[in-house]
Amino acid sequence: LFYYYITRNIICYFILPTMYSLPPNSLTIKTVLLGALAGYFVTCKLPKIIGPVRIFSSEPGACSVIRETLLATQKVANWQQRNDPATPLELPKIPFNLIEDCGKESFNMPFPYTFKWSEESIREEDLVRKFLAKNKTVAYRPAADLRANPNTPFTMMIAKLEEMHQGSFEEAWPCISKGKCTLYFDNTWVKEDYDSIMPDNVVKTLIEGSSFGSMFMSSYKNDHITAAAHAAPQKSLATQITKSKKWIFIDPMIAKEYHAVDENEFVSVLHSMSQDHDKVLKSTPRYEVITGPGDGVYFPEFWFHIVFTEGGLNTMTNWRMSAQLLEGFRRSPHTFRKKLWFMCPLFLKEYVFPDWIAKLVLAQGHDFFQENVHKMFRFRKSLLDANNGSRFKQ
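This structure is a prediction, so every number in the text was calculated from the model and none was measured.

**Q** When you look at the nonpolar core in this model, what are you seeing that I'm missing?
**A** A general feature of soluble globular proteins is that nonpolar side chains tend to end up buried together. Membership of the largest hydrophobic core comes to 62 residues, with the highest contact counts inside it found for Tyr 113, Met 198, Met 217, Trp 247 and Phe 249. Looking at which element gives the most residues to this core, the answer is helix 3 (residues 61-83), with 5 residues. Every residue in contact with Trp 247, bar those within four places of it in the chain, is listed here: Ala 238, Tyr 287, Glu 288, Val 289, Thr 291, Val 297, Phe 299, His 305, Ile 306, Val 307 and Met 316.

**Q** Just to check I follow, could you spell out the environment of Phe 347 for this structure?
**A** Following the sequence through the fold, Phe 347 ends up in helix 12 (residues 336-351). A relative accessible area of 40% places Phe 347 in the partly exposed class. Taking the C-alpha atoms as reference points, Phe 347 and Ala 323, separated by 24 residues in sequence, lie 8.3 Å from one another. Setting aside residues up to four positions removed in sequence, Phe 347 forms contacts with Leu 325 and Val 352.

**Q** I tried to follow the pairing of strand 4 (residues 181-186) on my own but got confused; where do I start?
**A** The two faces of the sheet receive side chains in turn, since in a regular strand these alternate between them. Across the 6 residues of strand 4, 6 count as buried, placing the element largely inside the fold. In this sheet, strand 4 lies alongside strand 2 (residues 137-142) in antiparallel orientation, the contact comprising 2 bridges. Bridge assignment links Pro 142 to a residue of strand 4, and that residue is Cys 181. Where strand 4 meets strand 5 (residues 212-220), 2 bridges bridge the pair, whose relative direction is antiparallel. The residue of strand 5 that forms the bridge with Asp 186 is Met 215.

**Q** Can you help me understand the sheet that holds strand 2 in this one?
**A** Sheet strands pair by backbone hydrogen bonding; their relative direction is either parallel or antiparallel. Ordered by their spatial adjacency, 8 strands build an open sheet running 1-12-7-14-5-4-2-3, and the pairing between neighbours is antiparallel. Taken across any chain shown, the strands that pair with only one partner, and hence form the sheet edges, are strand 1 (113-116) and strand 3 (165-168). The sheet shows a mean angle of 30 degrees between the axes of neighbouring strands, taken without regard to direction.

**Q** How should I be thinking about the pairing of strand 6 (residues 224-231) in this particular structure?
**A** A large share of strand 6 lies buried, amounting to 8 of its 8 residues. Relative to strand 13 (residues 304-309), strand 6 is paired through 4 bridges, and the arrangement is antiparallel. Note on strand 13: the bridge partner recorded for His 224 is Thr 309. Pairing analysis gives 2 bridges linking strand 6 to strand 10 (residues 267-270), with the strands arranged antiparallel. Residue His 230 lies in a different strand from strand 10, and its bridge partner there is Val 269.

**Q** Sorry if this is basic, but what is going on with helix 3 here?
**A** Turn by turn, an α-helix covers 3.6 residues, leaving residues three or four places apart pointing in a common direction. The end-to-end C-alpha distance of helix 3 is 34 Å, a good match for the 33 Å that 23 residues give at a rise of 1.5 Å each. Of the residues making up helix 3, those classed as buried are Ala 62, Cys 63, Ile 66, Leu 70, Gln 74, Ala 77 and Gln 81. Of the surrounding elements, those touching the buried residues of helix 3 are helix 4 (96-102), strand 1, helix 9 (252-258) and strand 11 (287-291).

**Q** What is the right way to read the side chain of His 259 from this model?
**A** Mapped onto the elements, His 259 comes out in the loop between helix 9 and strand 9 (261-264). For His 259, a relative accessible area of 12% translates into the label buried. Separated by 3.2 Å, the side chains of His 259 and Thr 284 make a polar contact. Those residues in contact with His 259 that lie beyond four places of it in its chain are Phe 154, Leu 270, Met 273, Val 280 and Thr 284.

**Q** Could you clarify how one ought to interpret helix 6 (residues 169-177) in this entry?
**A** By the burial criterion, the buried members of helix 6 are Phe 169, Ala 172, Trp 173 and Ile 176. One face of helix 6 carries all of its buried residues, which in axial projection span an arc of 115 degrees. Where helix 6 is buried, its residues meet helix 5 (124-134), strand 2, strand 3, strand 4, strand 5 and strand 14 (312-320). Of the residues one or two after helix 6, Gly 179 is the one with positive phi, at around 80 degrees.

Basis of the calculations
- Residues numbered from 1 in each chain as written.
- Predicted model: local features only at pLDDT ≥ 70, side-chain atom pairs only at ≥ 80, totals over all residues.
- Heavy atoms only, no water.
- Core = buried A, V, L, I, M, F, W, Y, C linked by side-chain atoms within 4.5 Å.
- Buried < 20%, exposed > 50% of the residue type's maximum accessible area, 1.4 Å probe, protein only.
- Helix = DSSP H or I, 4+ residues; strand = E, 2+ residues; numbered from the N terminus.
- Contact = heavy atoms within 4.5 Å.
- Pairing = 2+ DSSP bridges.
- Axes fitted to C-alpha atoms, helices over the stretch in contact; angles between N-to-C directions.
- Expected span 1.5 Å × (residues − 1).
- Polar contact = N/O pair within 3.5 Å; in protein donor to acceptor, adjacent residues only side chain to side chain.
- Arc of directions from axis to C-beta.

By themselves, these are just geometric observations and shouldn't be taken as functional.
Put into structure tokens, the structure is as follows:
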């Protein structure tokens, strides 16, 4: 209702009077373009700006229950971590029917949580059969050689991956099945693709609150750390489909207090160090979660996470929410200048550029990140090894 009145007033009191006040035959290209730009803003971007505003109604009761539960959990966790920082904590579990009743606001919460989106797991061979039958174009890349250059919790800037390729799933599958390739930040997935592998009510709930989704599929022979500590400037959730992943989460304020925080291509990272990474991690206040088939985990912007991937055919989807600039600015562990550096592009993405431009940039985002990793790889790797870093990577 609020959006309707805002839109009506803009059209009736600004756009139409301007056009009707023009003399005959004076409708120039400039005027038409300005009118089209105003229409685009009103129909596409204004809902995002005023969407979170509630004037005539309060949030649904299910949302209040989730929010109050998470805020209470956060207070308890903060107290526990001050008294015993070395013991990892668990995240609260929220029933999925509560998430459905709340809607997309479920993924705009101030604290991470887990949920169960399906009690039935899809068999690996059935999943592959569906992927092959659909045979969509996917983005895949050569798998990292994690035996020659294994990840540790704080080597995000030394985790070198090769360039992304695009091709049909039928073309990519032989390489993936042998563990030589992975779907890694494959941002080509849309609602229709998920409908074939997830229940309708789950897809509807996740899609409603998300900006885009990515697919991750690997087939390593052994368990590995596949992502060292990093964080995104947007709220995220991950849904596990086959096998399992272990997640370690670090609150952004804890990361700022305990570690050297930096960014690379709008990915927040924790710098590597010469100390034993496992010992440093064990002394850092953190949360540990294991997601199996049918499990999901939600986490707000700038929450650092380390991901351990179980060997075998491991499939996960990652969903990103639209950026909330004020919350992101408040939660960011970066300096004031870096906060502005993050928020300006996000403002353009959410409120200026068309969605197709934003999706095009996002689809190439991890390749931009990897370009910088490649530029500095030899220097950072030699520095790590010179500081005896290789001793805890055996």
